[in-house]
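Chain and residue survey
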Amino acid sequence: SVFGSPTAPASVASAMLRFSDGTSIPVGGVLRDGIRPTTVAFAAKSVAWVRFEITAVSGSGGFGIGEIAVHRVGSTPQKSMSISPPDAGIGTAVSTEPECLAGARTAGLTVLCPRSNTTIQGTTAMKISAPGATSVVARVWQSSTSPYPEPAPITVVPDGRGIATLAFDAARLAHGPINVELRAFSGSTILETVWAQLFNGSGPQTPRLLPSPASFTPSSGMTLAYSEEFTAPVSFSRTGVGADYASAKPEWWGANEFGQAVFADPSAGYDNLTVVDDDFLKIALKPLPAGVTDPNRWGRGHIGGMLSSARVGGSGFSAQYGYFEARMLAPGGKGIWPAFWLLPNDNLPSAQSIVAEIDVVEIYGHNPMGNCQSIHSYRSGVATSKNFCGTRFDSVQLGLEWHTYGVKVGTDNVVYYIDGRQVATVPQVPGGDSPMFFMANFALSDDWPIDLAATGDEAALYVDYIRVYT
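Residues numbered from 1 in each chain as written. Predicted model: local features only at pLDDT ≥ 70, side-chain atom pairs only at ≥ 80, totals over all residues. Heavy atoms only, no water.

The strand order across the open sheet built from five strands is 8-14-13-10-11, with neighbouring strands paired in mixed fashion. Looking at strand neighbours, the two that pair on one side only are strand 8 (119-120) and strand 11 (154-156), the edges of this open sheet. Relative to strand 11, strand 10 (residues 135-141) runs antiparallel, the two sharing three bridges. Across the sheet, residue Val136 finds its bridge partner in strand 11, namely Val156. (Pairing = 2+ DSSP bridges. Helix = DSSP H or I, 4+ residues; strand = E, 2+ residues; numbered from the N terminus.)

Take unusual backbone geometry next. Following Cys113, the chain continues into Pro114 via a peptide bond in cis, with omega recorded as -15°. Within the secondary structure, Pro114 sits in the loop between strand 7 (110-113) and strand 8. With a phi close to 55°, Phe230 is a non-glycine residue in the positive phi region. What makes Phe230 buried here is its relative accessible area of 0%. Phi is positive for Arg297, close to 60°, though the residue is something other than glycine. (Buried < 20%, exposed > 50% of the residue type's maximum accessible area, 1.4 Å probe, protein only.)

Turning to the packing of aromatic side chains, a few remarks are in order. Summed over all chains, the structure comprises 17 aromatic pairs. Centroid distance Phe236 to Tyr245: 6.0 Å. Interplanar angle 35°. Geometry classified as tilted. Residue Phe236 is classed as buried on the basis of its relative accessible area, which comes to 11%. Tyr245 gets classed as buried once you look at its relative accessible area, which sits at 0%. Ring centres of Phe258 and Trp337 lie 5.6 Å apart, and the angle between their planes is 70°; on these two criteria the pair is classed as edge-to-face. With Phe258 in the loop between strand 19 (255-256) and strand 20 (261-262) and Trp337 in strand 27 (residues 336-344), the pair connects residues that are 79 residues apart, well separated along the chain. Overall, Trp337 belongs to the buried group, its relative accessible area being 15%. Taken together, the aromatic side chains of Phe258, Phe263, Trp337, Trp341, Tyr364 and Trp448 make up a single cluster linked through ring pairs. In this arrangement the basic side chain of Lys45 is found over the ring face of Phe19, its NZ or CZ atom lying 4.8 Å from the centre. The ring of Tyr465 carries Arg467 above its face, with NZ or CZ at 3.6 Å from the centroid. (Phe/Tyr/Trp six-rings, centres within 6.5 Å; stacked < 30°, edge-to-face > 60°. Lys NZ or Arg CZ within 6 Å of the ring centre and 35° of its normal.)

Let us now look at the state of the cysteines. As enumerated under the stated definition, the model contains two disulfides in all. Across a sulfur-sulfur distance of 1.6 Å, Cys100 and Cys113 are joined as a disulfide pair. Because the torsion about its S-S bond is 115°, the bridge between Cys100 and Cys113 counts as right-handed. Taken together, the positions of Cys100 in the loop between strand 6 (65-68) and strand 7 and Cys113 in strand 7 put the pair 13 residues apart, joining distant regions of the chain. Using a relative accessible area of 33% as the deciding quantity, one classes Cys100 as partly exposed. (Disulfide = S-S within 2.5 Å.)

So, on to the environment of Ala264. As for its position among the elements, Ala264 is in the loop between strand 20 and strand 21 (273-276). Separated by 40 residues in sequence, Ala264 and Gly304 place their C-alpha atoms 6.8 Å apart. What Ala264 contacts, discounting residues up to four positions off in sequence, is Ser247, Tyr270, Asn272, Ile303 and Gly304. (Contact = heavy atoms within 4.5 Å.)

In the predicted model, the chain carries a mean pLDDT of 89, and the fraction of residues at 70 or more is 92%. Across residues 80-97, where pLDDT falls below 50, the model places 24 contacts with residues more than four positions away in sequence or in other chains. (pLDDT = per-residue confidence, 0-100.)

Bringing the pattern of salt bridges into the picture now. Summed over the entire model, instances satisfying the criterion amount to 16 salt bridges. A salt bridge links Glu192 to Arg105; the nearest nitrogen and oxygen atoms lie 3.1 Å apart. Taken together, the positions of Glu192 in strand 14 (residues 189-200) and Arg105 in the loop between strand 6 and strand 7 put the pair 87 residues apart, joining distant regions of the chain. In this structure Glu192 comes out as partly exposed when scored by relative accessible area, which is 23%. With a relative accessible area of 24%, Arg105 lands in the partly exposed category. Each of the salt bridges in this network shares a partner with another, and the network as a whole consists of Arg238, Glu257, Asp294 and Arg300. (Salt bridge = Lys/Arg side-chain N within 4 Å of Asp/Glu carboxyl O.)

Burial of strand 13 (residues 176-186) is extensive: nine of the eleven residues sit out of reach of the surface. Note that strand 10 and strand 13 share seven bridges and pair antiparallel. Its bridge partner lying in strand 13, Val136 is registered against Ala184. Bridge count between strand 13 and strand 14: eleven bridges; the pairing is antiparallel. Across the sheet, the residue bridging to Gly176 is Asn200, located in strand 14. Between strand 13 and the antiparallel strand that follows it, strand 14, lie two residues; Gly187 among them carries a positive phi value of about 65°.

Structure, rendered in structure tokens:
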């Protein structure tokens, strides 16, 4: 870990760690705030010395570093592995009059109340607009590890206005995000299926899922090098400077975006990146507010979100090789595109001729039972790719539960895991020997139709933790 010098007028733009065994590891920029280090994790080395060589400087005048910390195996600092009791604010009562959508579609299901990802407590009433339907069947889904049995399906007959009202007791469900499957029927014919999300503020809180040394996992025998548990608020800025994380994709030339949702800076008040109940990161998808236009002029109409462990310029966290894992709960819906993925840190201070990309998981909401794992290598702008897509879950319900998505990046191969189970292996990608930083994002696809009108164009990706082992 390298801390910058707050008093130096210039900053370190790039550097190199050189070891007595002749190996070296590139290092990105170093912030001058003296608070947030640039950290590079790597496999254990037995060396006589390590040297930090500054290779490029940003600005003019004097430059330097404030501190270098070298950590022995087993003592690598963790960012936030807290197992303290949750804050007293959890479980605070919410309004009995939840916010509702202003109106319904003229055709098809619309979830009117509560709005998508509203916090609910106890007995909860949902209002569904289902014009033309003779019945609506609701199934409330929770994690298969919940201490409570799954509620029986609820069948409701819409009133003369086509409004179906149903109720369930959230106190009998697990704390945290839950899914509600809604099906409109005309007789025995299914007209439409919609998956809605709500956040259950009642019910028992799930115990923290901490690493267990007693059981085998893909990280067995490795050192926990980085841990973001989202048990306390985290900060974001578009470039990452002055914050814990960047809220847009860092590039060597600045902050970038992709897809059909704006990766908005949450400091603008969009509430798109928040820590909920000191337990989960919520990355919210919602329509652009009235009067706000796409800053890139691409015609996008939604806000999404991203978390990047590296900032523009390359400061932040990265790891050479190792095991990267995130536990996430993704929503269903046409056009939804959550992902957890890796890019090389050495491409941030300056453009490299070979750039690797390792996609731990790409989730496409139109098919909750499947997802993709991919590698890409960009050589002077020419891309080569290998994609591994398939059915990963036996049902939609299983697909919309919590899952861990991981990748073990080795010197010779890249191995993908879902819930600790190996799903794909591929030879190491060119450029994959560089230290990699991680990103978790909620985007909308460029390639698939987008239709989230049934839930008010709103949804959310929840992230329980992100951990990296070397």
